[in-house]
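Each chain is listed here by its residues.
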Protein chains: 2
Amino acid sequence: MAVEYIAGYKLSQTTRFISDSKYSIAFSIFAGGNILLVLSSAILCAIFAPAAAGSGIPEVKAYLNGIDAPNILAPTTFIVKVLGSIGAVAGGLAVGKEGPLVHTGSCIASLLSQGGSKRYGLTWQWLRYFKNDRDRRDLVTCGAAAGVSAAFRAPVGGVLFALEEAASWWRSSLLWRAFFTSAIVAVTLRVALSSCKGDNCGVFGTGGLIMFDMGVISTETGLLELVPVIILGTSGGLLGAFYTFLSGKVLKTYANWHAKYGLFGKLFQAFLVALITSVLIFGLPWLGACTACPTGITHECPSNGLSGKYKQFTCQSGYYNDLASLLLNTNDNVIRNLFSTNTEGLYHYSSLAILLCSSFFLALITYGTAIPSGLFIPVIIIGAAYGRLVGWFVRSTTQLQTFDEGIYAYLGAASLLGGSMRMTVSVCVILLELTNNLLTLPPTMLVLLISKTLGDLFNHSVYDQILHIKGLPFLVEKPEPYMKHLTVMDVCSSPPMTLSAIERLGNIVEVLKSTDHNGFPVLEHSSEVPKLHGLILRSHLLVLLQKRESDYNSADFAKPGSGKSRRIEDIQLQTEQMNEYVDLRPYTNASPYTVVDNMSLAKAFSMFRQLGLRHLCVVSTTPKASPISGILTRHDFMPEHVLGLYPHLRANKWNRLHTKSSVSDVFVS
Amino acid sequence: MAVEYIAGYKLSQTTRFISDSKYSIAFSIFAGGNILLVLSSAILCAIFAPAAAGSGIPEVKAYLNGIDAPNILAPTTFIVKVLGSIGAVAGGLAVGKEGPLVHTGSCIASLLSQGGSKRYGLTWQWLRYFKNDRDRRDLVTCGAAAGVSAAFRAPVGGVLFALEEAASWWRSSLLWRAFFTSAIVAVTLRVALSSCKGDNCGVFGTGGLIMFDMGVISTETGLLELVPVIILGTSGGLLGAFYTFLSGKVLKTYANWHAKYGLFGKLFQAFLVALITSVLIFGLPWLGACTACPTGITHECPSNGLSGKYKQFTCQSGYYNDLASLLLNTNDNVIRNLFSTNTEGLYHYSSLAILLCSSFFLALITYGTAIPSGLFIPVIIIGAAYGRLVGWFVRSTTQLQTFDEGIYAYLGAASLLGGSMRMTVSVCVILLELTNNLLTLPPTMLVLLISKTLGDLFNHSVYDQILHIKGLPFLVEKPEPYMKHLTVMDVCSSPPMTLSAIERLGNIVEVLKSTDHNGFPVLEHSSEVPKLHGLILRSHLLVLLQKRESDYNSADFAKPGSGKSRRIEDIQLQTEQMNEYVDLRPYTNASPYTVVDNMSLAKAFSMFRQLGLRHLCVVSTTPKASPISGILTRHDFMPEHVLGLYPHLRANKWNRLHTKSSVSDVFVS
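The model shown is predicted, which means the values in this text are computed figures rather than measured ones.

K.L.:
Can you explain the packing of helix H14 (residues 405-421) of chain A against helix H16 (residues 441-458) of chain A? Please cite residues and give values.
P.N.:
Residues and elements named next belong to chain A. Interhelical geometry of H14 versus H16 gives an angle of 35° and a closest axis separation of 7 Å. Crossing geometry of H14 relative to H16 is assigned as right-handed. Where H14 abuts H16, its residues Tyr410, Leu411, Ala414, Ser415, Gly418 and Gly419 lie against Pro443, Thr444, Val447, Leu448, Ser451, Lys452 and Gly455. Considered class by class, the residues forming the contact of H14 with H16 number six nonpolar, six polar and one charged.

Structure follows, in structure tokens:
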């Protein structure tokens, strides 16, 4: 909540000086404050935890897909994310704290799942039970859910977000765990808020459990409402796709800059963005005209404080500058203003147009800089602004009175969220919980439907795009059609390096040094034809090499914290030790998942993906010298890899095999 | 909506005669109407479509788990379900129309997915693309979602219900499809309702999109509220578990009766239930005292009409009988009355106690009779009644003013739903959409959390119990712990019957006649050791036998409608045809899923379950005469079967292998 305090203080100072028409001082305070905050956050990110930059949702998504990218959920990342996000949001940038909060939640969860952090001297013994992939992943999913629940005060929305966007595998027990977490968050929030009545917790208290309450507002307008709904849905989908496209381009260029200029580049960029933002936000309001305060309103008008719909800015008393109250304000208040109902014509369409363009531009240039930056809030602001514009447009062209302008803003936000993030149920519920406006549910669903469908025609969701640009090997849900034309042997790296059931330590060391594979088949040479005993992991072999005791307990084999892992280079063995023998069978997974060597790649893919495997052994149906003909890993299923081997498949949409697979015996899930 | 009309007419008639103190006529009309309606529904069910009896949700759940029980989703079932449910609900029984609506929705979906019904002369060519398991199952899931959306006017709740309770496999594309369906339902409802303003659609219009609107009611009570919340959660969990236990006993006894007395038994039972219900509902209100109408209320008091909180019954004008308005009313109105807020002491606790006992008793004896009967509504009524009781209890014992009585009723309903059906997110959202009461979300979640957890300590959810009693081979999500101690070869029926790649028609007929297996391995005898070519399905073999043309198109192999399937007995072949040969390879699934013969049963189980297989081939790691050592089917994984083979595992909780499996290479999902 520090965010609101800093931002609030800065803004109130600025506005005060403006009202005293000491513009230079006001601007220097404003811009200076912003730049200072943003730079500090950028420094933290760039130096201590580069992984903390950006939204964090794609990273969490990647981790839950099975990608153990280093430091994604490390303690340092966590600390930097929190501080950095405070700096960025308070710095007035067009960023939200929602994505970062999701990342933070996941970081905490992962910390717990590692039994605390050795490095920071916090460890809990009882937490070691989480030291396996499944529970750790569940915990991280719950963390993400908690993040959204806290950020939007939307517990159910949080659960759904975790399941729809974050998690790659759903289990009803996972749903149950996520629900449990969110319930706790909800109750905590509720108690905190009820003790925060009034303003004794600053901005935190405002809005209570519902952040942007739109109150009860009749929206029963029959069939006519479909007109604006369809307009909003369509344009939202197009705008969302366009935004995604542009931000993709920006991200690539930024990535290149960072690669070229390194630390300095990152900092300078952050400085530049902060400067531009400050100039725009401070300068643009001068374009807004001064309007006379409407009569008979409850709100203070004109106001110089934090919130308030009617900012005085440079106008004399009795007048307000609508553009100022849309720009020179905290993000939350801007949204609150845009969503506010029964405010026909409160904001002039030109002001809305300016807000739309500026926030669109700022959102584009901001994401990708080395600071924690959430995407939800900017998208909601852009969407709301243009929703109101559409409302004005519809009302002025066709004379039909359908929705309130607030509802237009709300639906606009929904459409842009659907068009850029391509979430449906979760966005629906989050918006519902944000605004407590159940009656608008049907139009909201329709808008989301249209915008998502339209957006999907053009490109992937903004998060998937970030995943792709970051080059994380994300395993999508469905196999590519061309995979039906290949068998597993066409792609898999054969033959694999194998170990014997009773193996010389020296050999193990050599094998480990000679390759970076993580799984090795263990063969038994008892019969004349070797028999596959199972699969042993590199990490377990390293444990065996490191501590050559007679007995190990399962704790030794527990998965180390994310990012950290043992390395063969760290292990020194004397020559006589090299000649010791070890029986690998007790430490071998004796029942690995297998496929026959003529299995179609598509089916192997869905098996690999749905079972969430790391290794998939390929066994031969015909007796051979070696019982195992290969090992499939995530890498082998990546389209880049497959199309690299078979470029001609890129275009090939030949589908005889489609029909064949539809005659398959599988009750595919 | 016919339901409300009939029920409404009957009730208004009855109440009219009562107010004229012509009690005998009133009762004969009331009881007569009920018995007539219920019997007609029972006759329909018992004679034409036994599958239409009961809630239907367990059946849908079973179908989505991969169980093709006959007639579950047949057109006849559909028609009977609709008519029968009208009869049952209008007959004043303690049943809801929600479960049946879910079933109905799924039936429609399945009808579409079969490309219409040949028997009823409705067929659509373009729908044949759904003729495969996956799309058909998705469509049925969407149907279930639509059912809930329509029943509760809760679109999002519908989606979540379909995913949390109905579906066994989740895919984000499935989520998307379900959302699409619900959105359409929502918009349709909205338009229908906005054209139904006022009462020009009878009871349908009332409540608008929100059936039991509780309006905005402050519930900010700080920490103190945890006291009633915990009481409600605990008792709800216990009561729910108790209810589940009893209804299980009742179901078993009923099943025996039906088996013993057949059709007559079913009808007599229905008659009896209808009679008892009528007697109770008509007689009990006499126990209620006449209370003077409160002053300064908007509602008509006393009223004789359909709805209304203040039923006159036998009281003189100016007085109302609170018990009558809780019993002698349509289910929806009863709930509306119980949920109504700011009604401190409107219903005397004795009346509530009577309502609680009677509805609990009626709900128990009703479910299991041969009529379509939903569980949601009765459970909500019981829960609400006892919630209000708890509210009265808390207020009278501890003097703390926490919630409104309406909120107590609401939370009570939530707790009982959680305690009996064990759903969390979906119940949460459904209740939210039913009552438009977002502020109570945190306590609701907490209540659900407690009640579900408590209930799970005692028994399975009421739906799973019904599944079990019906003896449907439902495949649960997690393998039983003892499965870790077995390998696949311990349970699987080896050796399987195999076919050659080029096979004599005569042999095929013999094999099909000699066994009821549905999948047969196809072996190639080209090399000296036979090679596994793949797996062919009985159904496809039957197609091959039936139409012995040179070429087949994939449509021939499309899955026939649920319930219907070709049988070997129907196929007659001449002797010379018997000696023809057919090349099975083009029709064989050349890449079946396989496991090695030393694979642990637990891992095979999760593979079978997560991939949603029907057959799983067991291949041997050591070269043998036959490359395939067995085929695993759903039957082999059923605890009944496994424990039948290894009874000593029943108690055995020995878990050395637990640790071992935690050292496995699998990034288990």
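Right, picking up where we left off after that structure.
K.L.:
Before we move on, could you go through the interface of chain B and chain A and cite the residues and values that matter?
P.N.:
With 102 residues of chain B in contact, the opposing surface of chain A contributes 104 residues. Our enumeration of links across chain B and chain A arrives at zero salt bridges.

K.L.:
Tell me about the relation of the copies chain B and chain A, residues and numbers included.
P.N.:
When chain B is fitted onto chain A, the two copies agree to an RMSD of 0.1 Å after a turn of 180° and an axial shift of 0.0 Å. The superposition of one copy onto the other is thereby described by a two-fold rotation axis. Take the interface residues of chain B: 100% of them recur as interface residues in chain A, which is what a same-surface contact looks like.

K.L.:
Could you give an account of a nonpolar patch on the surface, with specific residues and numbers?
P.N.:
Residues and elements named next belong to chain A. On the surface, Trp257, Tyr261, Phe264, Phe268, Leu272, Ile276 and Phe361 cluster together to form a nonpolar patch covering roughly 710 Å² of accessible area. If you trace the backbone, Trp257 turns up in helix H9 (residues 226-283). The class for Trp257 is partly exposed, based on a relative accessible area of 41%.

K.L.:
Please give an account of the sheet that holds strand S12 (residues 628-633) of chain B that cites residues and values.
P.N.:
All names here are of chain B. The mixed open sheet is built from three strands, whose spatial order is S10-S11-S12. Of all the strands in the sheet, the pair left with one neighbour each is strand S10 (594-596) and S12. Across this sheet, the average inter-strand angle for adjacent strands is 30°, counted without regard to direction. Relative to S12, strand S11 (residues 615-619) runs antiparallel, the two being bridged by five bridges. If you follow His615 over to S12, its bridge partner there is Thr633. Most of the contacts of helix H22 (residues 601-611) go to S11, to which it runs at about 145°, and overall it touches S10, S11 and S12.

K.L.:
Give me helix H19 (residues 505-514) of chain A: which residues, what numbers.
P.N.:
Among the residues of H19(A), A:Leu505, A:Gly506, A:Ile508, A:Val509, A:Val511 and A:Leu512 are the ones counted as buried. Considering only its buried residues, H19(A) is in contact with strand S5 (499-500), strand S6 (502-504), strand S7 (519-524), helix H20 (538-546), helix H21 (575-578) and strand S9 (581-583) of chain A.

K.L.:
Pulling in residues and values, what's your account of the pattern of salt bridges?
P.N.:
One pass over the structure, following the stated rule, counts 25 salt bridges over all chains. For A:Arg585, the salt bridge is made with A:Asp583, and the minimal N-O distance between the two is 3.2 Å. Residue classification places A:Asp583 among the partly exposed positions, given a relative accessible area of 29%. B:Lys97 serves as the salt-bridge partner of B:Asp332, at 3.9 Å between the closest nitrogen and oxygen. Of this pair, B:Asp332 sits in helix H11 (residues 331-339) while B:Lys97 sits in the loop between helix H4 (75-90) and helix H5 (98-113), placing them 235 residues apart in sequence.

K.L.:
Could you give an account of the sheet that holds strand S8 (residues 531-537) of chain B, with specific residues and numbers?
P.N.:
All names here are of chain B. Read from one edge to the other, the open sheet built from three strands follows the order S5-S7-S8, with strand pairing classed as mixed. This sheet does not close on itself; its edge strands, each paired only once, are strand S5 (499-500) and S8. Sheet topology places S5 next to strand S7 (residues 519-524); two bridges connect them, and they run parallel. Following the sheet pairing, Leu499 is matched in S7 by Val522. Seen against the sheet, helix H20 (residues 538-546) touches S5, S7 and S8 and runs at an angle of roughly 80° to S8.

Quick notes on the rules
Residues numbered from 1 in each chain as written. Chains lettered and ligands numbered in written order. Predicted model: local features only at pLDDT ≥ 70, side-chain atom pairs only at ≥ 80, totals over all residues. Heavy atoms only, no water. Axes fitted to C-alpha atoms, helices over the stretch in contact; angles between N-to-C directions. Helix = DSSP H or I, 4+ residues; strand = E, 2+ residues; numbered from the N terminus. Left-handed = near helix turned anticlockwise from the far one by under 90°. Contact = heavy atoms within 4.5 Å. Nonpolar A, V, L, I, M, F, W, Y, C, P; charged D, E, K, R; others polar. Salt bridge = Lys/Arg side-chain N within 4 Å of Asp/Glu carboxyl O. Least-squares fit on C-alpha atoms with pLDDT ≥ 70 in both. Patch = residues over 30% accessible without salt bridge, like charges linked within 9 Å, V, L, I, M, F, W, Y side chains within 5 Å. Areas by Shrake-Rupley, 256 points an atom, 1.4 Å probe, with all protein chains shown as cover. Buried < 20%, exposed > 50% of the residue type's maximum accessible area, 1.4 Å probe, protein only. Pairing = 2+ DSSP bridges.

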